[in-house]
Structure formats: structure tokens, C-alpha cells
2 protein chains.
Amino acid sequence: MRLPAELGAVYLKNNHCTFKVWAPNAKQVEVLLLTPGERLLPLQMEGDYFCGQGGDIPPGSLYFYRLNGEVDRPDPASRSQPQGVHGPSEVVTLEFPWNDHAWVGPPLTDYVIYELHVGTFTPEGSFDAVIPRLECLQELGVTAVELMPVAQFPGSRNWGYDGVFPFAVQYSYGGPEALRRLVNACHQRGLAVILDVVYNHLGPEGNYLRDFGPYFTQRYQTPWGEAINFDGPGGDEVRRYFISNALYWITDFHIDALRLDALHAVIDQSAQPFLAELAEAVHLQAARLGRRVYLIAESDLNDVRHLQASEIGGYGLDSHWLDDFHHALHTLLTRETGGYYQDFGGWEHLAASYRQGFVYAGQYSTFRRRRHGSSSQVIPPYRFIAFAQNHDQIGNRLNGERLSQLVSFEALKLAAAAVILSPFTPLLFMGEEYGEKAPFLYFISHTNPDLIEAVRRGRAQEFAHFDWESPPPDPQASETFERSRLEIGLLKQPEGRYLWQYYQKLLEIRREMIATVDLGSYYPEVQMLQPAAVLSLKYSRNN
Amino acid sequence: MRLPAELGAVYLKNNHCTFKVWAPNAKQVEVLLLTPGERLLPLQMEGDYFCGQGGDIPPGSLYFYRLNGEVDRPDPASRSQPQGVHGPSEVVTLEFPWNDHAWVGPPLTDYVIYELHVGTFTPEGSFDAVIPRLECLQELGVTAVELMPVAQFPGSRNWGYDGVFPFAVQYSYGGPEALRRLVNACHQRGLAVILDVVYNHLGPEGNYLRDFGPYFTQRYQTPWGEAINFDGPGGDEVRRYFISNALYWITDFHIDALRLDALHAVIDQSAQPFLAELAEAVHLQAARLGRRVYLIAESDLNDVRHLQASEIGGYGLDSHWLDDFHHALHTLLTRETGGYYQDFGGWEHLAASYRQGFVYAGQYSTFRRRRHGSSSQVIPPYRFIAFAQNHDQIGNRLNGERLSQLVSFEALKLAAAAVILSPFTPLLFMGEEYGEKAPFLYFISHTNPDLIEAVRRGRAQEFAHFDWESPPPDPQASETFERSRLEIGLLKQPEGRYLWQYYQKLLEIRREMIATVDLGSYYPEVQMLQPAAVLSLKYSRNN
């Protein structure tokens, strides 16, 4: 596995640039350079790759690949799409005045994660606008900023899971250079940066990868259509593409951890699983770079294999989102019972999560109509990420209500403590620390009318499980996006300020507990005191 | 996991019978008894199962399930289909005058497998007709008879992989009682019986399981259509159905081993894999019965996890067909290079298989256009099954040629020695021991004209990879079936007799080598002496 920067347009220096693209579906590939003047640069076929280099290509040059002399397509490994997903790709330089040379990254045990959506975190919706807010996060006790996906998506309003250029940084957020500025600033403040990456599907608009090669397979279906081809003909090159992507963020953007979205939709029957290969490549690169780098699984499978070592049949990922904990806590606080919440709702569910991580470790799930999960008791709890809220759990509600809209102020405090004083690694969703009231809705800005209509319909269907009263807000409307922006003013009001300080104090206590009772390295003793509805957690080093 | 006989119609005694069927798609299920007189027996809903019992139901009674008072369907767990796949199911008794009470079954290390197709092995094409041939097999040195699938398929001519009633023994072969007679006779002669079972798909005609419940899933595609639903809603009950099936054969038919067909098409993302659950249930039942029972994987994945213990992420199956060995040997003998043979053809491929089992243990495969397999070096060689011929490798050729039609007589002897004196467990395909010349062609006897045409087309497509000269024989023609029947007369001619004795001698040597150098427990030292084209295997206990 070679270096991250090998695919796509790699700017060297003196306006020299190399190109490399995997295109087994093409007989001929040329680079159509659009700037400064239009010209064609032929590429040489090397196996299923096409490679070449040229001069007079300064950073900022725009180009397409011309396939078989016929169609012009943006680069699958485009690093920048200044004119959006349908436009030409841009040659960008890797040069950046980093000043985080001593940065190693915190150990996973010290992570306190703050998940944010760049587009709605600030009025500007840009990477640069995040920077002035970092001080406040640092004061709060956050140690890691998690960015929802930033791969180029259609339009300017999207959660990020419709990205179609995994290497291109969303241009409307500021593009690759601005992301580097943000990471650099985070590191200056001692904050790690986690990037959410989507290796299970590409978005429905602007996906031109099929014109190049078998990136997808019809053998498996995901909730978002054809699965990515990790185990069929050409699967090695597809793996290389995504592994290169992971290495690109780590190496060329100094990203500290990747959150791997929806791994249940990475379907792979091969004898040597993609995820194990990804983990090996990333950890090797981290060792080369002398930094701590982590891979965080999001998966609906409750499968301990994600976390186990490859020697015992696992994939060797470092950490795992713990949805079961969320559901157990959320149902106790809200008494909601719709959809997947029907599997939770008892004190014993929350107690089970504190005791062992996954609540569903092989039991029958009524919602899933099958047994679900495997035991995670062998995994130390700091390798699970727990939250009372996140983008999905808020945004996948019809009206995108945060917990602040659903439960009392006292219950918000309880939720904060339940997460932060848990043995798990805590994650906060932007704004929860001061009880933000703005919803976080599902929003898109596609251009294809049929697709827009399909998303609207799909969204409505998704809510069939729940007992909602009115149709969902229109995902395509810019108003839906604007309503989701943080109001932040609350932070200056007494209640918001109080809650913020409460979170700050909890995080301080958490740090003390890490120092004194090694919080996170073992599961606590849990007692349920009923009918008073008290759950007592006892941490002692001797567990 | 309850006992094998729980699903379907279980005959108790005194003409009393219980019924149990999983039918989540139905609101009401009745048993429509057709004999002695037509009457309806209502079943009670118990969760997603419907259960009940009745009297006056002697063995031989015919019945359908009536779903929602509307449609009549044969029993998914039917034990007998005397009128074929579309007809009623039959109540059968488990009573049988077994006289194999002391039978324990040979250890896997002693297996010498003889694969046969009941329909073409004898002129009669029945289980009973196999019995007089057992003596000759025993004399040859065979220790285990492997039956190609016997689950009820449409018509009377089929390899068996189009079965649609996994519990029903093909009626035209003699039905369940005749199978018991054959197993009993085998055990009398010290021969184990392996049954080929298909848990990856059902045949295209006579599959009524969809009317009962979600036995299939659209999330995965197999070469034979929708995959079986092992991990979606209802997947637990689907597993129970197939695990009950495995236990049925072992317990009620005294079967010694199951060959699990095409496990690459058992697609299962769950945290607790079906195959591991199957292995656990079968091994537990074997322990209860005090017998040796084995599960043999056939899989195109070259994935060592099939054989590894569940504690290290494996499925815990006992044995694995070693296609790589076949391909390495076949290409050396025939110099064929078409289709999947393009990945083989060198002495180093055969040497690699002798040294480590899987030849493709992670290397790039030109045919598959991706890296393939994992190392099996940790698995002792007796857990692999090696062959120079089998039903697939012969029958998946356009003209179904056996090796006897492709190579010289001397080369047949060489092939025999290469297999029998290998460290692997040897498998012979019926007739190869005397150089049978009749082809083994692909044949069916469907009734649906569209389906017949589709099979003809599919067959032709399958041969696109190879350079064949004429179109394939018509699979539907009874002539194609008749041509595939053993001629056996050859056995009485000098050349056939000679070869038979040669096999017999090799098997005698094999037994000696097991006794003297523990053949099968380790990989030999392999030397290639070129250009003389000699491969030397050195077995020594000290390896």
C-alpha cells in the first residue's frame, strides 16, 4: 500500500503535476486541462491505471478526465471541486504552513468528543468560522472535534453523507486549505480532530465513478443502493482507493481519527476483510508518522469482531459508537417506544450497557425480529463512544428535536452526567452543552428534481415506524437548513450558561476520575435501586 | 435448539400426528388432510408458528397446509412428496429396524470418500440399487459413501441442487425409508454416509417457502437468485429450519457427515454467524448420540475461517473441499487454461497445495481479478478433501468429460496416486476407479417451459469463459441423463480391472502410511525436480 497522495492529481512543484486514475472501463484516458488554456494531456495505460504527468499546471488548474475520447468526467480522486460535483476537478497543492510539528494526538482514553456540522455550527457555515469557537470548546473540557463528513456533496446544504468525491473537501465550507487551517488551529489548542468518512456508499447525485470502473456491486444491496465492491473483480483497487483516502486525511490533513460511517453497509465476504486491511494500513501509517491515530466504527451490527484483533478474527478497529447506550438512556428519559426504541425502555437496559457495552449481545430484538449482537464484555469501555444525542438520533426524528425539546432541564443534567461519568468515551453533539433549542433537521440541496422527490418520499417512509403527526419538513428547502443552525444566543442566557458550566464541571470530575479510579478501563459495578429509580455506578480500581 | 423432528408432520403412534409450521406471512393455517378422507385440521398460532395435532392420520396420509383459508401448499418441512414438488406432503413414520446400534462412525482421518449420484449410479437409479454395490466399494478401500443431494427436486432427473424440500427424500430414488435402508446397509459394511445438503438456495421450481415466511432476502444475490435470509427479520427461524434439517439427517437417518454445498452463497452479516451455530448444534447432537459426525464445507472463498474454532472467529466446520488442489492437478495433466484454470497450470501450484492446502492464500487471481483466499497452513491436511474428479469438475464441462476422456491411462494412474497418497482426505467420483468413460452431464427435468429455456440459456452463458466448440447437450433431454449413467461394464474388462486394482493398492498403501507416518496430520516436504517434471513428497513424522 503506497502513500496517500498517489491517486488523482498530485501537484509536485514548479507547476508540475502527476495524474493517476483507475479506469478499467476505459480504453483511453486523457486529461482535459481547462486552465490556463484548454489542452489535452494523454495518459499511459499501466495495467488498469492510467498515469502521466505534465508541466504548466499551476495549483488552481481545472481539469476533467476524457474517457475514450468521448466523455469528460471529474476525477474520482479529485481533491477539490470548486464548481460543485458536476464541474471540473482542481489541482491543489499540499503545501501548508503547519505549526503542529510536536503534535502526537491524545490517547483514546482522553478523548471527549464534540460532534459538529460545519454548515450549521456557525452563521458562516465554514471551516474558518469554527476556529474562533475552539477556545470555548477547550474551556468546556472537549479534547476532540468531530466533523461530520466534508467530502464534496451536491449543493451547499447536506449532512455530508451524500458526498461523491471522497478526497475533495466541500468547497462551500472553504475547501482543502481551510480544512487544514482548522485542523492546525485545533492542534494549537490541544484539540484532536476526528473526520467522519463514508466508505459504504456514494451519494445519489454526481457519482461518476461507474464510468471509470467497478466501484459498486449488484450482489449486495444497502439502504442507499448498490454496495461498494470490496470483494468482487476489481475489489483490490476499490480497497486501495478507500485506504488511500484514509491515509490522505491522516497524512496530508493531520486528522487524528476517522469515524467510519455505517459499517453494516460495508459488505465483504472475502477471506481477508477490507476493514482489517484498512485498520492495518492506518495503524502502520500512524506508526510511521509517530502519531496516535484511531479508527472509530459506526455499525448497526453490535458485532464485537469490529473491535477484536485480527489474530482472533477481528478487524482491529479502535473504537465503536454505542447506540445501545443511547437508546437505553433516551427511552428512560423520554418514555418513547416507537421504532427501534421498542427494544429498550427498562432500567435493566441502561444497567446492562454500563455493565458490558452492547445491551443486545445475542438476545432477541423485537424491532429486528431476530437475535442481535454479540457480547462486548471483553472490550474495555473506553473503546466505546457514548452519547445522549448525536446528529442521527436528533436528525432522524421527523422534527429534529434535541433532547432540550423533549425533557426537562433537570433531565438534561441527568443525561449529561449519565454520559460523562460513564466508563465510555463521551460524545456531545454541538449545542447540547448549553441546551440549544434549534432542531437539527435532515436537509439536502440536490439539483435533480426526481431525486429531490425521491428523498422526500423516502424520508416520509422512514417515519412509518414512528407515530408522527405531520409530514416531515421539506429536506430540500433552505429554510429547513437555516432552522437547523445553532442559535447560540442561549449560551449567554442564565439557563444556558448554567448548563454549560455543569457540563464543564462534569468533565472536570471525569478527568479526576480517570486519574484516580482509572475511569474507562473497566466496567463499573451497577446497582438498581427500585422503586426509587436510582442507578448506582461504583468504580473501584480493584474491579 | 430442539430436536430434529419438531417441524412438519411428526408421526407419533396409533395414527396420531403433530404438525408445526413457521408461517409469519399467514393469519390462519389449517391442515388439509386428503387421505383417508378429505378434512381440515385447524392449527393454533404460537408466535409465528402454527401447531396442532390429530388422530386418524396413519403413515402415508397426504396433506397440504391451507393458508388463510385460500391456498393449499405442501409442507416446507415435508418429509416425503410422493406426487412430486407440486403435490401434497406425506406423513411418514420414523420407525425403522436399524441394526447399526454399535455404530460410532470412523474418525475423519480414516475417511476415503466415494461420491455418487443415486440416479445415475445404477440402471435402477434408486437407493436400494446402491446396496449390492457396497461390497465392491468396501473391497476397493472406500470408507465413506457421499450421496449427491437427495432433497425432493422437480421430476426425476437432477443433480440434486434444485431441491425444494430440504427434509423430503427424493421419491423417485425410493423416498425416506429406502434412504434408511441404504444407510443401514452402509453401516453394516463399515461404511460411513455423507449427505450433500444445500443451505444456500432452493431450486427454481416448486419452491413454495415464500408463501410461508421470509426465508429469502433481497439484500443479497447469489448465482441462483435471492439469498437465504440468515440475518434479517425472521432469520432466527430460518436458521432453526436448516439446523433442524441437519439434525434430522444425523439423528433420524444416522447420517455421518454433511457436505455443505456452496457456502460462499450463505451470506450472513450477523454478529453470530449461522455456520458457527450450525456447527455447534451438530457437534452437540453428535456428542449426545455418542457418534462421530462431521461438517464438510464446500466454498469458493478459500477462507480459513470456515475451519477455525469459533473462539478465534471461525465457524468450526470440520473439513473443506480443496478445489485448488484439483485445479493444480487437472491443469498439469490436461494443460487446459480456460476459465478458472488460468490461475493454475504450474508445478509450483501443485507443490503449494501439497505444502499448505489452499494455493490462493492471498495472492492475486487473474481469473477473479482480485486477491483471493487466506492461508490454511495452520489446518492439518486431513481436514481438506482432495480429488482428481468430482461431479462439478466433470459435469460443469460442456460435454461432461471425465478425466478418462481427457488424458492417457498412465495419467489416470498418476492422478489416482496424486490424490490417494496426498496428505489430504481423498474423494473419488463414482466410476473413476475403473476409468468409466460415460460423461457426467448436467441434466434437469423441470416442467415449466420458461424455466427450462432459462436453464438452457444460463448453461450456454456459463461456457462463455471456455473455448467450447458446440452448444451444450440439452439439460432437459432424458437422453442427456441416460448418457450420464455409469456403464460399469468396463469394470470387467482388463484395463478397467487393472485400474480398479491399482486404486485398491493405493488405498492399501494409504492405510499403511496412516499407520506408519501418520499421513494426514502434517504437510509433506515437497521438492520439484525439473526439468524432469517430478514432484517428490517426503513424509516424516518429525516434520
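So, how was this worked out
Residues numbered from 1 in each chain as written. Chains lettered and ligands numbered in written order. Predicted model: local features only at pLDDT ≥ 70, side-chain atom pairs only at ≥ 80, totals over all residues. Heavy atoms only, no water. Helix = DSSP H or I, 4+ residues; strand = E, 2+ residues; numbered from the N terminus. Rg over C-alpha atoms; globule rule 2.2 N^0.38 Å. Buried < 20%, exposed > 50% of the residue type's maximum accessible area, 1.4 Å probe, protein only. Areas by Shrake-Rupley, 256 points an atom, 1.4 Å probe, with all protein chains shown as cover. Lys, Arg positive; Asp, Glu negative; His and termini not counted. Charge placed at Lys NZ, Arg CZ, Asp CG, Glu CD. Axes fitted to C-alpha atoms, helices over the stretch in contact; angles between N-to-C directions. Parallel < 35°, antiparallel > 145°, perpendicular 65-115°, else oblique. Left-handed = near helix turned anticlockwise from the far one by under 90°. Contact = heavy atoms within 4.5 Å. Nonpolar A, V, L, I, M, F, W, Y, C, P; charged D, E, K, R; others polar. Phe/Tyr/Trp six-rings, centres within 6.5 Å; stacked < 30°, edge-to-face > 60°. Lys NZ or Arg CZ within 6 Å of the ring centre and 35° of its normal. Pairing = 2+ DSSP bridges. Expected span 1.5 Å × (residues − 1). Buried area = accessible area lost by both parts, 1.4 Å probe. Salt bridge = Lys/Arg side-chain N within 4 Å of Asp/Glu carboxyl O. Polar contact = N/O pair within 3.5 Å; in protein donor to acceptor, adjacent residues only side chain to side chain. Domains from an automatic or database assignment.

## What about the overall build of chain A?
Alright, step 1. Within chain A, the secondary structure is distributed over 13 helices and 25 strands.
Alright, step 2. For a compact globule of 543 residues, the expected C-alpha radius of gyration is about 24 Å, and chain A comes in at 23 Å, within 12% of that figure.
Alright, step 3. Taking the principal axes of the C-alpha coordinates as reference, chain A spans close to 75 × 50 × 50 Å.
Alright, step 4. Per-residue burial for chain A yields a buried fraction of 63% across its 543 residues.
Alright, step 5. If you sum the accessible surface of chain A, you get close to 19,700 Å²; carbon and sulfur atoms cover 50% of it.
Alright, step 6. Counting 45 positive and 64 negative side-chain charges, chain A places the centres of these two groups 3 Å from one another.

## Digging into the packing of helix 10 (residues 409-420) of chain B against helix 13 (residues 494-517) of chain B
All names here are of chain B.
Alright, step 1. The N-to-C vectors of helix 10 and helix 13 enclose an angle of 20 degrees; their axes lie 10 Å apart at closest approach. Taken together, helix 10 and helix 13 sit at an angle that is classed as roughly parallel. Here helix 10 runs over helix 13; the crossing is right-handed. The segment helix 10 lies against helix 13, with Phe-409, Leu-412, Lys-413, Ala-416, Ala-417 and Ile-420 engaging Glu-495, Tyr-498, Leu-499, Tyr-502, Tyr-503, Leu-506, Leu-507 and Arg-510.
Alright, step 2. Across the contact of helix 10 with helix 13, the residue classes break down as 11 nonpolar, no polar and three charged.

## With respect to the packing of aromatic side chains
Between two aromatic rings, the relevant description is the distance of the centres plus the angle of the planes.
Alright, step 1. Enumeration according to the criterion identifies 76 aromatic pairs over all chains in this entry.
Alright, step 2. An angle of 15 degrees between the planes, with centres 6.4 Å apart, marks the rings of Tyr354(A) and Phe424(A) as stacked. Of this pair, Tyr354(A) sits in helix 8 (residues 347-356) while Phe424(A) is found in the loop between helix 10 (409-420) and strand 23 (425-429), placing the two residues 70 residues apart along the sequence. Note on accessibility: Tyr354(A) and Phe424(A) belong to one class, buried.
Alright, step 3. Ring centres 5.0 Å apart and planes at 55 degrees place the aromatic pair Trp321(B) and Phe387(B) in the tilted group. You can see Trp321(B) sitting in strand 19 (residues 319-321) and its partner Phe387(B) sitting in the loop between strand 22 (384-386) and helix 9 (391-395), a full 66 residues away along the chain. As far as burial versus exposure is concerned, Trp321(B) and Phe387(B) are alike and both buried.
Alright, step 4. Taken together, the ring pairs in this structure connect Trp22(A), Phe167(A), Tyr199(A), Tyr215(A), Phe230(A), Tyr241(A), Phe242(A), Tyr248(A), Trp249(A), Phe253(A) and Phe274(A) into an aromatic cluster.
Alright, step 5. Positioned above the aromatic ring of Tyr49(A), the side-chain terminus of Lys20(A) is 4.9 Å from the ring centre.
Alright, step 6. The aromatic ring of Tyr248(B) is capped on one face by Arg79(B), whose charged end is 4.8 Å from the ring centroid.

## Observations regarding the pairing of strand 15 (residues 216-222) of chain B
Where a strand is regular, its side chains alternate between the two sheet faces.
Residues and elements named next belong to chain B.
Alright, step 1. Here strand 15 runs beside strand 16 (residues 225-228); their pairing, made up of four bridges, is antiparallel. Following the sheet pairing, Gln-221 is matched in strand 16 by Glu-226.
Alright, step 2. Taking the residues that link successive antiparallel strands as the turn, the strand 15-strand 16 hairpin has two residues.

## Focus on the sheet that holds strand 6 (residues 49-54) of chain A
Residue and element names in this part refer to chain A.
Alright, step 1. Reading across from one edge, 1-2-6-5 is the order of the four strands in this open sheet, with antiparallel pairing throughout. Each having just a single partner strand, strand 1 (8-11) and strand 5 (44-46) make up the two edges of the open sheet. Each strand of the sheet is rotated relative to its neighbour by a mean of 25 degrees, with strand direction disregarded.

## What to know about helix 10 of chain A
Residue and element names in this part refer to chain A.
Alright, step 1. The end-to-end C-alpha distance of helix 10 is 17 Å, a good match for the 16 Å that 12 residues give at a rise of 1.5 Å each.
Alright, step 2. In terms of burial, helix 10 is largely enclosed, as nine of its 12 residues are buried.
Alright, step 3. Residues of helix 10 that are buried include every one of Ala-411, Leu-412, Lys-413, Ala-415, Ala-416, Ala-417, Ala-418, Val-419 and Ile-420, and no others.
Alright, step 4. Packed against the buried residues of helix 10 are helix 7 (323-334), helix 8, strand 22 (384-387), strand 23 and helix 13 (494-517).

## Observations concerning the interface of chain B and chain A
Alright, step 1. In this assembly, 35 residues from chain B lie in contact with 35 residues from chain A.
Alright, step 2. Here chain B and chain A share an interface that buries about 2,600 Å² over both sides, 41% of which is from carbon and sulfur atoms.
Alright, step 3. Counting every contact that joins chain B to chain A gives four salt bridges.
Alright, step 4. One salt bridge in this structure joins Arg371(B) and Asp236(A), with 3.1 Å as the shortest N-O distance.
Alright, step 5. Counting across the chain B and chain A interface gives 16 residue pairs in polar contact (both at pLDDT 80 or more).
Alright, step 6. Broken down by secondary-structure element, the contributors of at least two residues to the side of chain B that touches chain A are strand 15, helix 5 (235-252) and strand 21 (370-371) of chain B.

## Comments concerning the environment of His320(B)
All names here are of chain B.
Alright, step 1. Residue placement: His-320 occurs in strand 19.
Alright, step 2. Judged by relative accessible area, which is 0%, His-320 ranks as buried.
Alright, step 3. Sequence-wise, His-320 and Gly-357 are 37 residues apart; in three dimensions their C-alpha atoms are separated by 9.9 Å.
Alright, step 4. Not counting chain neighbours up to four residues away, the residues in contact with His-320 comprise Ile-296, Ala-297, Ser-299, His-306, Leu-307, Phe-358, Arg-383, Phe-384 and Ile-385.

## Looking at the domain arrangement of chain A
All names here are of chain A.
Alright, step 1. Its domain assignment divides chain A into domain 1 (4-90) and domain 2 (108-446 + 468-538).
Alright, step 2. Computed over C-alpha atoms, the centres of domain 1 and domain 2 are 34 Å apart.
Alright, step 3. Every contact between the two is made by 28 residues of domain 1 and, on the other side, 32 residues of domain 2.
Alright, step 4. Summed over both partners, the interface of domain 1 with domain 2 buries about 2,500 Å², with 64% contributed by carbon and sulfur atoms.
Alright, step 5. On inspection of domain 1 and its partner domain 2, the count reaches two salt bridges.
Alright, step 6. Note that Glu-6 and Arg-240 form a salt bridge whose closest N and O atoms lie 3.0 Å from each other.
Alright, step 7. Looking at the side of domain 1 that touches domain 2, the elements that each hand over two or more residues are strand 2 (17-22) and strand 7 (62-67).

## With respect to the sheet that holds strand 17 (residues 257-260) of chain A
All names here are of chain A.
Alright, step 1. In spatial order, the strands read 10-11-14-17-18-19-22-23; together these eight strands close into a barrel with parallel pairing. Mean inter-strand twist for the sheet, computed between neighbouring axes without regard to direction, equals 30 degrees.
Alright, step 2. Of the strand pairs in this sheet, strand 10 (residues 113-116) and strand 23 are connected by three bridges, and their pairing is parallel. Among the inter-strand pairings, Tyr-114 is bridged to a residue of strand 23, identified as Leu-428.
Alright, step 3. Helix 4 (residues 175-188) contacts strand 11 (144-147) and strand 14 (192-197) of the sheet and is inclined by roughly 140 degrees relative to strand 14.

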